Amino acid sequence: MSTSRAVPVTLAEIARLAGVGRAAVSNWRRRHPSFPVRIAGTDTNPQFSLTDIEGWLRDNKKLKKSAEREWLWPGFEALGGRDETGAAIAEVGRLLSGRVSDEGEEIRADTRKLIERAVDLGQREGGTETFAFLLRRWLDVHVRQIATTPQPLASLMAQLALRAANGVAGDSPGSSGGTTVMDPACGPGHLLLAAADAVRASGAGALTLLGSDRDAVLASLADSRLALAENEGHREKEWVQVSVRAADSLRDDPFSGTPADIVLCNPPFNERDWGYEELATDARWSHGLPPRTEPELAWVQHCLAQLRPGGAAVLLLPPAVAARKAGRRIRGSLLRTGQLRAVVALPPGCAAPHSVSLHLWVLRMPAHGEGTPVGGRLLVADAASRFPRDSEEKWTPDWAAISAFVREAVEEADSPQASAYVRQVPVIELLNDEVDLTPGRHIAPSPADTAPRLAESWREFTGLTANVNKSARLLAALDLATAAADTPTATTVAELARAGALTLRGGQQPPEESIHAGPPSDDGIPLLTVPDLLVDAEPRSWLAPGTAAVGEAVIAEPGDIVVVGVARAFSAWVHEGPPTALGPQLHAVRVQPEQLDAWFLAGSLRAPANARQAGTHTTNSSRIDVRRLQIRQVPLGEQRRYGEAFRELTAFERLLRRAADLGTSLVRDLGDELAAGRLAHQA
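Residues numbered from 1 in each chain as written. Predicted model: local features only at pLDDT ≥ 70, side-chain atom pairs only at ≥ 80, totals over all residues. Heavy atoms only, no water.

A. Structural view of the overall build of the protein chain. Looking only at helices and strands, the protein chain features 22 helices and 25 strands. Every one of the 683 residues in the protein chain was classed for burial, and the buried ones make up 48%. Taking as baseline every contact in the protein chain between residues at least 6 positions apart, the subset at least 24 positions apart corresponds to 73%. Element-wise, carbon and sulfur atoms account for 52% of the exposed surface of the protein chain, whose accessible area totals about 32,700 Å². (Helix = DSSP H or I, 4+ residues; strand = E, 2+ residues; numbered from the N terminus. Buried < 20%, exposed > 50% of the residue type's maximum accessible area, 1.4 Å probe, protein only. Contact = heavy atoms within 4.5 Å. Areas by Shrake-Rupley, 256 points an atom, 1.4 Å probe, with all protein chains shown as cover.)

B. Structural detail: unusual backbone geometry. Here the bond from Ala 352 into Pro 353 is cis, since omega is -5°, no more than 30 degrees from zero. Mapping Pro 353 onto the fold places it in the loop between strand E9 (340-345) and strand E10 (359-364). With a phi close to 55°, Asn 270 is a non-glycine residue in the positive phi region. Tracing the sequence through the fold places Asn 270 in the loop between strand E7 (260-265) and helix H11 (295-306). Of note, the phi angle at Val 435 is positive, near 50°, even though the residue is not glycine. Of note, Val 435 is situated in the loop between helix H15 (427-430) and helix H16 (447-476).

C. Region of interest: the pairing of strand E3 (residues 46-49). In terms of strand pairing, strand E1 (residues 8-10) meets E3 through three bridges, oriented antiparallel. From the neighbouring strand, Thr 10 faces E3, where its bridge partner is Gln 47. Pairing of strand E2 (residues 40-41) with E3 involves two bridges; the strand directions are antiparallel. Considered in E3, the bridge of Gly 41 is made with Pro 46. (Pairing = 2+ DSSP bridges.)

D. Region of interest: the sheet that holds strand E21 (residues 580-582). Pairing is mixed in the open sheet, where five strands are placed in the order E15-E17-E16-E21-E18. In this open sheet, the two strands that pair with only one neighbour each are strand E15 (515-517) and strand E18 (555-556). The pairing of strand E16 (residues 525-528) with E21 spans two bridges and is classified as parallel. What sits directly across from Leu 528, in E21, is Leu 582.

E. Just the packing of helix H4 (residues 68-77) against helix H5 (residues 82-96), in detail. Interaxial distance between H4 and H5 falls to 9 Å at its minimum, and their mutual angle equals 135°. With respect to H5, the element H4 is oriented oblique. Counting all contacts with H4, which are made through Trp 73, Phe 76 and Glu 77, the residues of H5 involved are Thr 85, Ala 88, Ile 89 and Val 92. Partitioning the contact of H4 with H5 into residue classes produces five nonpolar, one polar and one charged. (Axes fitted to C-alpha atoms, helices over the stretch in contact; angles between N-to-C directions. Parallel < 35°, antiparallel > 145°, perpendicular 65-115°, else oblique. Nonpolar A, V, L, I, M, F, W, Y, C, P; charged D, E, K, R; others polar.)

F. Molecular detail of the pattern of salt bridges. All told, the structure shown has 28 salt bridges when counted by the stated rule. For Arg 251, the salt bridge is made with Asp 273, and the minimal N-O distance between the two is 2.9 Å. Residue Arg 251 is located in the loop between strand E6 (240-246) and E7, and its partner Asp 273 is located in the loop between E7 and H11; the two are separated by 22 residues in the primary sequence. The class of Arg 251 is partly exposed, set by a relative accessible area of 32%. Linking Glu 278 and Arg 251 is a salt bridge whose minimum nitrogen-to-oxygen distance equals 2.7 Å. Of the two residues, Glu 278 sits in the loop between E7 and H11 while Arg 251 sits in the loop between E6 and E7, which places them 27 residues apart along the sequence. (Salt bridge = Lys/Arg side-chain N within 4 Å of Asp/Glu carboxyl O.)

G. Seen up close, the nonpolar core. Core analysis: the biggest nonpolar cluster contains 51 residues, and Leu 209, Leu 264 and Leu 360 have the highest contact counts within it. Per-element tally for this core: the top contributor is helix H8 (residues 151-164), with nine residues. Excluding residues that lie within four positions of it along the chain, Leu 209 makes contacts with Val 181, Leu 192, Ala 196, Leu 226, Val 240, Gln 241, Val 242 and Ser 243. Residues Ala 185, Leu 317, Leu 334 and Val 427 belong to the second largest nonpolar core, which totals 39 residues. (Core = buried A, V, L, I, M, F, W, Y, C linked by side-chain atoms within 4.5 Å.)

H. Summary view of the side chain of Thr 650. With respect to the element layout, Thr 650 can be found in helix H22 (residues 636-675). Setting aside its immediate chain neighbours within four residues, Thr 650 contacts Trp 599 and Arg 606.

I. A look at helix H3 (residues 50-59). Regarding H3, the residues found buried are Leu 50, Ile 53, Glu 54, Trp 56 and Leu 57. Along H3, the residues classed as buried sweep out an arc of 165° about the axis, all on the same side. Opposite the buried face of H3, by more than 90 degrees, sit the exposed residues Thr 51 and Asp 59. Here the buried face of H3 lies against E1, helix H1 (11-18), helix H2 (22-31), E3, H4 and helix H6 (109-125). Remark: Lys 61 follows H3 within two positions and exhibits a positive phi of approximately 55°. (Arc of directions from axis to C-beta.)

J. Geometry of helix H7 (residues 127-141). Over its 15 residues, H7 extends 22 Å from the first C-alpha to the last, a length consistent with the 21 Å expected when each residue adds 1.5 Å. Inspection of H7 places Gly 127, Thr 130, Phe 131, Phe 133, Leu 134, Leu 135, Arg 137, Trp 138, Leu 139 and Val 141 among the buried residues, and these make up the whole buried set. (Expected span 1.5 Å × (residues − 1).)

K. Local environment of a nonpolar patch on the surface. Taken together, the side chains of Trp 458, Leu 670, Leu 674 and Leu 679 make up a nonpolar region of the molecular surface, amounting to roughly 400 Å² of accessible area. Mapped onto the secondary structure, Trp 458 falls in helix H16. (Patch = residues over 30% accessible without salt bridge, like charges linked within 9 Å, V, L, I, M, F, W, Y side chains within 5 Å.)

L. Just the side chain of Asp 597, in detail. Within the secondary structure layout, Asp 597 lies in the loop between strand E22 (586-591) and helix H20 (598-605). Arg 640 provides the closest opposite charge to the buried, unpaired Asp 597, separated from it by 4.7 Å. Here the side chain of Asp 597 touches Phe 600 through a polar contact of 2.9 Å, landing on its backbone nitrogen. Aside from chain neighbours lying at most four places away, what touches Asp 597 is Leu 636, Gln 639, Arg 640 and Gly 643. (Lys, Arg positive; Asp, Glu negative; His and termini not counted. Polar contact = N/O pair within 3.5 Å; in protein donor to acceptor, adjacent residues only side chain to side chain.)

M. Broad picture of the confidence of the model for the protein chain. Looking at the protein chain as a whole, its pLDDT mean stands at 84, while 87% of the residues score no less than 70. By mean pLDDT, the top-scoring element of the protein chain is E10 (97), and the lowest-scoring one is strand E23 (residues 615-616) (60). Low pLDDT, under 50, characterises residues 167-175; the predicted model gives this stretch 18 contacts beyond four residues in sequence or across chains. (pLDDT = per-residue confidence, 0-100.)

N. Seen up close, the environment of Leu 363. Position of Leu 363 relative to the elements: it lies in strand E10. The spacing of Leu 363 and Gly 311 is 52 residues in sequence and 8.6 Å in space, taken between C-alpha atoms. The residues contacting Leu 363, other than those within four sequence positions of it, are Val 300, Leu 304, Gly 311, Ala 312, Ala 313, Leu 315, Leu 334, Gln 339, Leu 340 and Arg 341.

O. Fine view of the packing of H20 against H22. Axis separation between H20 and H22 bottoms out at 7 Å; the angle between their running directions is 65°. Here H20 runs over H22; the crossing is left-handed. Where H20 approaches H22, its residues Trp 599, Phe 600, Gly 603 and Ser 604 are matched on the opposing element by Gln 639, Tyr 642, Gly 643, Phe 646, Arg 647 and Thr 650. Its residues assigned to classes, the contact of H20 with H22 shows four nonpolar, five polar and one charged. (Left-handed = near helix turned anticlockwise from the far one by under 90°.)

P. Representation of the packing of aromatic side chains in the model. One pass over the structure, following the stated rule, counts eight aromatic pairs. Taken together, a centroid distance of 5.8 Å and an interplanar angle of 45° make the contact between Trp 28 and Trp 56 tilted. In this pair, Trp 28 sits in helix H2 while Trp 56 sits in helix H3, placing the two residues 28 residues apart along the sequence. Residue classification places Trp 28 among the buried positions, given a relative accessible area of 10%. Between Phe 600 and Tyr 642, the aromatic rings sit 6.5 Å apart at their centres with planes inclined by 70°, giving edge-to-face as the arrangement. (Phe/Tyr/Trp six-rings, centres within 6.5 Å; stacked < 30°, edge-to-face > 60°.)

Printed below as a string of structure tokens:
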């Protein structure tokens, strides 16, 4: 008897795999009697056997070419939970790298068959690329549970550490012409892979990569990923050697006694159960026992303990580590010994958690004979202020500019031309009751830097006020009748939908595992929710393109009308941004342009009186029954005339909002300048 299991796929997944729209798949199902029958789900949300669908598409010449990797993923996703799928992907990487499997008979027959198929594809189309595809899909699904270091940030950390380390290319004590890089909380291996690229580019000789993670699945994935790099390194005369262990580095360090030239680490944040009691007398705490509430300072000291003299460590840490009262004694000791060299504040959105400005800490173990520095200084760099997030636009980190700024800050901090956002702070200034190392608190923008920014803000404000006045004149000139001779009959959204003049679709909550926090990637689909609207109307999460979640989501396209079905955030507007997925209580309305004008409809729907008559009070937060919202029935030409007025009113509202925000910023910045005594004397 076969032990294989049918892998279920939805209509949306079939559409993605076949490279067509979901409507086309529904059409195939309706028109072709040979289309496979559903094996699960319901008539409205059916699921089909992946094998049957693949065979049907191939027989009917509808199978999308160059998408063989896409057909692999549903099988892996159906293996079970996070760990089962991750272990299978790790096994694919091991086999592609040429290692002998250590899983033996523990893998089920159907899983083994899927792994063999992936290995066969990798051998034909590239092992590294095939493994990277599967790993990326797995990480996308579990993005809420697994925090990874974005590749540009990982590269920057590796470059900073390589520069800070002393003599890693051959004359390090205890080295033999190579470089040892360690990550004691390696996850799936992003930092170690970035280090391999940085060392290769620097020509620093052979490389040894040492990684560990207490999550056995992540360690296994990192091992397989780096094994592929090791395998490629054989063509370069054993350029890279890899060792990754599944272990809790704080409690049971697998590389104790193995000194490293470079340590890179993005440690777990805010974990209370890090081993405070059992590690109270550990020799690594040369700067003091970390308080129970300061696990990040335990990781800082662990990384320092792994370094050989002259080696360097770079850690990604939450900003609270630089200022929490409980950690001030250890921070003071790091400053006095000169081992903490730099603290860099990154703009929010550079890595998870995306809402805060994470910090990079650069540390260095003094080389033999250096001793403790006298009159030392700490480099602080404020990239968060240098690259402020623009709330008016879809913001993503400009990694080229951020990386260049940070590198120059470290390399040219003593230069007279150093940026106004960089400062060498004397350690004696920091050794107070707080020992606050937050860069922004030690950097005051210079007049030379502030003046151009204020001038640009005033130019924008002047333009805004001119546009506000122009828009106000147009709106004030509208001839509003004191009484209407005839009151046109009204209809509702529901009636217009039944007549085919519009379509109404209600947003929904995507599966939690499909949601990515932070600014969308270049091809990500923003996810707009009611909580976003209550803050600043900017999406704070997104969906990966080509996934089942996107296929099932309600997407507002440019020109659609978005209606909010909650009274406290009620609004309606014509969507003019990129395609955006809508969450619960958000609705997408698409009009037939030969029957309805979108701007007229949006303006009519958002009228406060309209919301009051369509509201319900069945819950604590009143909801709006969008289908009951009313619209006056007027000819299309009249709709367009009103639509232009509604469009102008929307532009006026947008201008007022931006002018208010910019005016508040100008008042704050100009107040700082005046308080600092920078008003020039008149002759």
